[in-house]
Structures are given as C-alpha cells and as structure tokens.
Amino acid sequence: MIKFWAKRQRLHRLLSQPLSAVHRAILEEQVPITEKLPIDLRNKLEGKINRFLDQVQFTGCNGLEITEEMKVSIAGQACLLVANSEIWYDHLTTILVYPGAFKSRQTQHNGYVVIERDIVRTGESWSRGPVILSWSHSQKGAANHMDGHNVVFHEFAHQIDDLSGRTDGVPNLGPNQKYSDWAQVFKTAFNKHVQLVQRGRKTVIDHYGAEGHEEFFAVSVEVFFERPTSLKQEEPGVYEQLSLLFSLDPISW
C-alpha cells in the first residue's frame with residue numbers, strides 16, 4: 001500500500017507540475033503547434049510531458065547523442081495526442097532515435113517462401129514499445145505543422161491503436177463512443193480512400209493509408225492535428241470519431 005500511494009503521489013506531482021522554463025522554451029521552439037493551444041489544454045499537456053519524460057528512456061543510435069531538445073520535442077508531440085484524455089502509453093519505456101532514416105528488416109511469407117529485405121524507414125512502432133524514430137524527420141514534422149505529415153504523431157497513433165491488444169485501426173474508444181459507429185465510419189472512409197488512391201486521385205489523407213486499416217488510422221491522426229479543417233470537410237465522420245477519441249477539437253485552436 002505504501003508503494004501504491006507513493007506512486008500515485010508521484011504521478012499527481014508530475015501531472016500538476018508545469019514545465020521548467022528551459023523545457024517550455026524548447027517546446028515552443030521545437031513544437032510550434034503547441035503555442036496555439038488554449039491555456040487549460042496547454043497546462044494538461046505540460047503535465048503529460050513531465051510524466052512521459054519520467055517514464056521513457058531515450059537512446060541514440062548510430063552515434064546520435066540525445067539532447068534535451070530531442071526529448072522535449074518528441075515528448076511534446078507524443079503527449080499532444082493524449083493531452084485531454086485518459087489514454088496513456090502504459091507499456092512504453094524506450095524510444096530509439098536515429099539521426100535520419102534507418103533500415104529495418106522486413107520478413108514476408110508467401111506460402112513456404114520466406115523473403116527478407118531491408119526497408120528504409122523514418123519511424124517504426126513495436127507492440128508495447130519501443131518506438132523508433134528518425135530525429136531529422138521528427139524535427140521536420142514538428143516544424144511544419146500544417147502539411148498533414150508528422151512521423152511522431154503517426155508512430156504514437158500506432159501505440160494508441162495497440163493498447164487494445166491489436167494494431168488494427170480500432171483503438172480502445174472513449175466513453176462516448178460506440179464500436180459500431182467507429183467501424184461504420186472508418187470502414188466506409190477506408191474503402192473510399194482505397195478507391196481514390198487506385199484512381200490516382202489526390203486526397204487529404206496520405207495515400208499510405210490505403211496500405212491497411214491500421215495505417216489509415218495513423219495517417220488520419222496526422223491530418224486530424226495538422227489539417228483539421230480539410231479533414232472535416234472531406235471526411236466529417238472520421239474527424240468526429242477522432243475528436244471523441246482524443247477529446248480534442250483542433251479546428252477551434
């Protein structure tokens with residue numbers, strides 16, 4: 001019981017504590033989208049960042065030295081997704097950061113034939129962690145917060161999706177959501193998206209979303225935060241479901 005209460009008190013302290021002046025300055029410089037947030041949401045975000053930095057170990061790869069700028073930037077982007085909800089990255093303890101794009105070994109099974117190949121990636125999310133990120137792409141995605149592309153949002157959307165036990169585009173939903181509504185909205189939107197991509201049509205949701213339901217969810221999250229007005233115009237149902245999931249309305253920022 002003593003350990004339980006000590007843990008709860010520590011968590012409360014982290015969530016209620018504002019960022020240090022140094023970390024706040026880094027956040028404003030590295031993640032400019034956060035400057036648009038209402039003050040109450042900004043306060044919640046800072047508390048979540050404190051919790052994140054206390055929980056997660058950052059490790060540099062290929063000679064990269066981890067800096068406070070890297071940690072606060074990545075934490076700020078990851079925590080924006082969960083700033084106003086009870087969603088949390090319960091099992092995440094490690095983030096691996098490469099200087100730039102990195103190679104990842106992919107295994108494909110075709111009957112009895114197993115094919116392995118290296119794929120160049122900018123981010124990767126493993127079930128229950130770790131998350132692997134390219135720092136150059138993470139920084140670029142944060143700096144341009146209106147193009148609908150953000151590798152940190154994308155990979156942490158996968159982490160949220162995986163909290164349900166499967167990374168399949170159906171996360172644990174909010175208290176005011178129904179799985180039947182989510183399934184209908186996202187299935188219809190995904191099928192429409194696939195057809196548009198096959199026809200070579202331009203869409204607000206990145207073409208990569210046609211790879212599968214889990215990728216459609218992740219790229220939709222990117223657009224929800226960075227191009228909310230366009231997403232609501234093109235896919236109002238998707239915007240509504242994501243707004244309920246995250247308890248956020250980016251259009252109002």
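Provided above is the structure to which this section pertains.
To start, this report covers the structure provided alongside it. For clarity, every value in this text was computed on a predicted model and none was experimentally measured.

## Observations concerning the overall build of the protein chain
Then, number 1: Each helix and strand in the protein chain was counted, giving 10 helices and 6 strands.
Then, number 2: What you see for the protein chain is a C-alpha radius of gyration of 18 Å, in line with the 18 Å of a compact globule of 253 residues.
Then, number 3: In the protein chain, which comprises 253 residues, the proportion classed as buried is 47%.
Then, number 4: Counted over contacts in the protein chain with a minimum sequence separation of 6, partners at least 24 positions apart contribute 64%.
Then, number 5: Carbon and sulfur atoms form 49% of the exposed surface of the protein chain, whose accessible area is close to 13,300 Å².

## Thoughts on the environment of Leu19
Then, number 1: By the secondary structure assignment, Leu19 is in the loop between helix 1 (2-16) and helix 2 (21-30).
Then, number 2: Classification of Leu19 as buried rests on a relative accessible area of 5%.
Then, number 3: For the pair formed by Leu19 and Lys48, sequence separation is 29 residues and the distance between their alpha carbons is 9.8 Å.
Then, number 4: For Leu19, the residues in contact, after removing those within four places along its chain, are Arg24, Leu27, Glu46, Ile49 and Asn50.

## Here we look at the side chain of Glu235
Then, number 1: Tracing the backbone through its elements, the reader meets Glu235 in the loop between helix 9 (228-234) and helix 10 (236-246).
Then, number 2: Using a relative accessible area of 12% as the deciding quantity, one classes Glu235 as buried.
Then, number 3: There is a polar contact of 3.4 Å between the side chain of Glu235 and the side chain of Lys192.
Then, number 4: If sequence neighbours within four positions are ignored, Glu235 has contacts with Ala189, Lys192 and Ile205.

## Re the packing of helix 3 (residues 39-55) against helix 4 (residues 68-80)
Then, number 1: Running from N to C, helix 3 and helix 4 point in directions that differ by 120°, and their axes come no closer than 9 Å. The angle between helix 3 and helix 4 places the two elements in the oblique class. The hand of the helix 3/helix 4 crossing is right-handed. Side by side, helix 3 and helix 4 meet where Leu45, Lys48, Ile49, Phe52 and Leu53 of the first sit next to Lys71, Val72, Ala75, Gly76, Ala78, Cys79 and Leu80 of the second.

## Points about the sheet that holds strand 6 (residues 131-134)
Then, number 1: Taking strand neighbours across the sheet as the criterion, the 4 strands line up as 1-2-6-5 in an open arrangement whose pairing is mixed. Bordering the open sheet on either side are strand 1 (57-60) and strand 5 (123-125), each of which pairs with just one other strand. Here the average twist between neighbouring strands, direction ignored, is 20°.
Then, number 2: Here strand 2 (residues 94-98) pairs with strand 6 via 4 bridges, running parallel. Across the sheet, the residue bridging to Ile95 is Val131, located in strand 6.

## So, the nonpolar core
Then, number 1: One finds Phe52, Leu81, Ile95, Phe156, Phe225, Leu242 and Phe246 to be the most contacted residues of the largest nonpolar core, which totals 62 residues.
Then, number 2: Residue contributions to this core peak at 8 residues, all from helix 8 (residues 213-226).
Then, number 3: Setting aside residues up to four positions removed in sequence, Phe246 forms contacts with Leu81, Asn84, Ser85, Ile87, Ile160, Val221, Phe224 and Phe225.

## Here's the deal with the packing of aromatic side chains
Then, number 1: A full pass over the atoms with the stated rule returns 17 aromatic pairs.
Then, number 2: With centroids separated by 5.0 Å and ring planes inclined at 45°, the aromatic side chains of Phe224 and Tyr239 adopt a geometry described as tilted. Within this pair, whereas Phe224 is found in helix 8, its partner Tyr239 is found in helix 10, the two being separated by 15 residues in sequence.
Then, number 3: Classification of Phe224 as buried rests on a relative accessible area of 0%.
Then, number 4: Of the residues examined, Tyr239 reaches a relative accessible area of 3% and is grouped as buried.
Then, number 5: Here the aromatic cluster, defined as three or more aromatic residues joined through ring pairs, consists of Phe153, Phe224, Phe225, Tyr239, Phe246 and Trp253.

## Some details on the pairing of strand 2
Then, number 1: Bridge analysis of strand 1 against strand 2 gives 4 bridges, and the strand direction is parallel. Looking at strand 2, one finds that Gln57 is bridged to Thr94.
Then, number 2: Following the backbone out of strand 1, through helix 4 and into the adjacent parallel strand 2, one traces a crossover that is left-handed.

Cut-offs used in this document
- Residues numbered from 1 in each chain as written.
- Predicted model: local features only at pLDDT ≥ 70, side-chain atom pairs only at ≥ 80, totals over all residues.
- Heavy atoms only, no water.
- Helix = DSSP H or I, 4+ residues; strand = E, 2+ residues; numbered from the N terminus.
- Rg over C-alpha atoms; globule rule 2.2 N^0.38 Å.
- Buried < 20%, exposed > 50% of the residue type's maximum accessible area, 1.4 Å probe, protein only.
- Contact = heavy atoms within 4.5 Å.
- Areas by Shrake-Rupley, 256 points an atom, 1.4 Å probe, with all protein chains shown as cover.
- Polar contact = N/O pair within 3.5 Å; in protein donor to acceptor, adjacent residues only side chain to side chain.
- Axes fitted to C-alpha atoms, helices over the stretch in contact; angles between N-to-C directions.
- Parallel < 35°, antiparallel > 145°, perpendicular 65-115°, else oblique.
- Left-handed = near helix turned anticlockwise from the far one by under 90°.
- Pairing = 2+ DSSP bridges.
- Core = buried A, V, L, I, M, F, W, Y, C linked by side-chain atoms within 4.5 Å.
- Phe/Tyr/Trp six-rings, centres within 6.5 Å; stacked < 30°, edge-to-face > 60°.
- Right-handed = clockwise from strand over helix to strand, strands pointing away.

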